[in-house]
Amino acid sequence: MQIFLFVAALIAILAVIFALQNAVPITVSFLFWKAESSLALILIIAFVAGLVTSFLFNALAHFK
């Protein structure tokens, strides 16, 4: 259990370092929609969207 907490803390520290180094504001456009945010936030949102999509497809395959 302690190794899990250590790994979680290490990942959290790396995420903070990543966010601090990628704070450059960028503009993302999709069709008629535009948003301006930091690069780190956009990458994290894209990563979470991929996780959710993967989870939904795996859950659908599991229920069949």
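Please read these numbers as outputs of a predicted model, since none were measured by experiment.

Engineer: For the overall build of the protein, give the residues involved together with the corresponding values.
Structural biologist: On a plain count of helices and strands, the protein comes out with two helices and two strands. Put simply, the protein runs from its N terminus to its C terminus through helices and strands in the order α-β-β-α. The C-alpha atoms of the protein give 16 Å as radius of gyration, which overshoots the globular expectation for 64 residues (11 Å, by more than 25%). Taken over the C-alpha atoms alone, the protein extends approximately 40 × 35 × 10 Å along its principal axes. In the protein, buried positions account for 5% of the 64 residues. Summing over all exposed atoms, the protein offers an accessible surface of approximately 5,900 Å²; the carbon and sulfur share of this is 78%.

Engineer: Help me get a handle on the side chain of asparagine 22, residues and values and all.
Structural biologist: For asparagine 22, the position within the fold is in the loop between helix 1 (2-21) and strand 1 (25-30). Reaching out from asparagine 22, the side chain makes a polar contact with the backbone oxygen of phenylalanine 18 at a distance of 3.0 Å. If near-sequence neighbours (up to four positions away) are discounted, asparagine 22 is found in contact with Ser38, Leu39 and Ala40.

Engineer: I'd like a rundown of helix 1, residues and numbers included.
Structural biologist: In a regular helix each residue adds 1.5 Å, so 20 residues correspond to 28 Å; helix 1 covers 29 Å between its end C-alpha atoms and thus fits that length. Burial analysis of helix 1 places just zero of its 20 residues in the buried class, a small minority of the element.

Engineer: A description of the environment of leucine 41 should follow, citing residues and the corresponding values.
Structural biologist: Mapped onto the fold, leucine 41 is located in helix 2 (residues 39-63). Overall, the relative accessible area of 41% leaves leucine 41 in the partly exposed class. C-alpha separation for the pair leucine 41 and alanine 23, spaced 18 residues apart in sequence, amounts to 8.3 Å.

Engineer: With reference to specific residues and values, describe a nonpolar patch on the surface.
Structural biologist: On the surface, Met1, Ile3, Phe4, Leu5, Phe6, Val7, Leu10, Ile11, Ile13, Leu14 and Ile17 cluster together into a nonpolar patch covering about 1,200 Å² of accessible area. Residue position: valine 7 is located in helix 1. Residue valine 7 is classed as partly exposed on the basis of its relative accessible area of 39%.

Engineer: So what's going on with the pairing of strand 2 (residues 33-38)? Which residues, and what values?
Structural biologist: Regular strands show a simple pattern: their side chains alternate between the two faces of the sheet. As judged from the six bridges shared by strand 1 and strand 2, these two strands associate in the antiparallel manner. Each bridged residue has a counterpart across the sheet, and for isoleucine 26 the counterpart in strand 2 is serine 37. Counted between consecutive antiparallel strands, the loop separating strand 1 from strand 2 contains two residues, among which leucine 31 sits at a positive phi close to 55°.

Engineer: Talk me through the environment of phenylalanine 63; I want residue IDs and the actual numbers.
Structural biologist: By the secondary structure assignment, phenylalanine 63 is in helix 2. The spacing of phenylalanine 63 and serine 38 is 25 residues in sequence and 38 Å in space, taken between C-alpha atoms.

Engineer: Outline unusual backbone geometry, listing residues and values.
Structural biologist: At leucine 31, a residue that is not glycine, the phi angle is positive and equals roughly 55°. Judged by its relative accessible area of 74%, leucine 31 falls in the exposed class.

Criteria and cut-off values
- Residues numbered from 1 in each chain as written.
- Predicted model: local features only at pLDDT ≥ 70, side-chain atom pairs only at ≥ 80, totals over all residues.
- Heavy atoms only, no water.
- Helix = DSSP H or I, 4+ residues; strand = E, 2+ residues; numbered from the N terminus.
- Rg over C-alpha atoms; globule rule 2.2 N^0.38 Å.
- Buried < 20%, exposed > 50% of the residue type's maximum accessible area, 1.4 Å probe, protein only.
- Areas by Shrake-Rupley, 256 points an atom, 1.4 Å probe, with all protein chains shown as cover.
- Polar contact = N/O pair within 3.5 Å; in protein donor to acceptor, adjacent residues only side chain to side chain.
- Contact = heavy atoms within 4.5 Å.
- Expected span 1.5 Å × (residues − 1).
- Patch = residues over 30% accessible without salt bridge, like charges linked within 9 Å, V, L, I, M, F, W, Y side chains within 5 Å.
- Salt bridge = Lys/Arg side-chain N within 4 Å of Asp/Glu carboxyl O.
- Pairing = 2+ DSSP bridges.

Distances and angles like these do not, on their own, reveal function.
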